[in-house]
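Structural overview for review
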Amino acid sequence: MGTFIRVSSAKFPILPGEADELVNEGMYGKALAEYLVSRLREYGYDAPFCCCEDWGWWVELAGFPCTFGVCIYGRECNDGHLDLYVTDGAGQDRVWSWRKFRFIDTGVREAAVKLHGDLIAIFNADPDVMVLATDLDSPFVE
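None of the values given here were measured: they were computed from a predicted structure.

For the rest of this paragraph, the subject is unusual backbone geometry. The backbone phi angle of Phe 101 is positive, close to 55°, even though this residue is not glycine. Positionally, Phe 101 belongs in the loop between strand E6 (94-97) and strand E7 (102-105).

Structure follows, in structure tokens:
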């Protein structure tokens, strides 16, 4: 997992019924996840779906030799807006392949660096999204 990008936008509200989908109470971000599925496809990624996980929202990115995607963490602020953080869901650089019976390089570090840049470009291209930080080590740390 790389550095976190913190964003703010009224276009990513808590969606109707979203609270019923949450695994971990208060971890919102479905609107941002759906937005990124669409926008990442425009950037050439195969983004087949998004879903709620216990730590937040996940945007799956297919076509990599390991599980890879975008992690979204969001919590509700006192004013009703969401405090949103995004990072890559990159795992290990090398994983064991039983099919090949050896460790294989996942290439995920290079993909994570590219994804981070593409996420910033997506957000910066949208006048309704404000990028608050691009280099945070952890979400929700002031």
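Moving on: the sheet that holds strand E4 (residues 69-76). Strands sit in the order E2-E3-E4-E5-E1-E8 across an open sheet of 6 strands; the sheet is antiparallel. Looking at the sheet topology across the chains shown, the edges are occupied by strand E2 (50-53) and strand E8 (130-136). Strand-to-strand twist of the sheet, defined as the mean angle between neighbouring strand axes without regard to direction, takes the value 25°. Here strand E1 (residues 4-8) runs beside E8; their pairing, made up of 4 bridges, is antiparallel. Each bridged residue has a counterpart across the sheet, and for Val 7 the counterpart in E8 is Val 131. Most of the contacts of helix H2 (residues 30-42) go to strand E3 (residues 56-60), to which it runs at about 15°, and overall it touches E1, E2, E3, E4 and strand E5 (82-88). Lying over the sheet, helix H3 (residues 108-125) contacts E1, E4, E5 and E8, oriented at roughly 15° with respect to E1.

Thresholds applied
Residues numbered from 1 in each chain as written. Predicted model: local features only at pLDDT ≥ 70, side-chain atom pairs only at ≥ 80, totals over all residues. Heavy atoms only, no water. Helix = DSSP H or I, 4+ residues; strand = E, 2+ residues; numbered from the N terminus. Pairing = 2+ DSSP bridges. Axes fitted to C-alpha atoms, helices over the stretch in contact; angles between N-to-C directions. Contact = heavy atoms within 4.5 Å.

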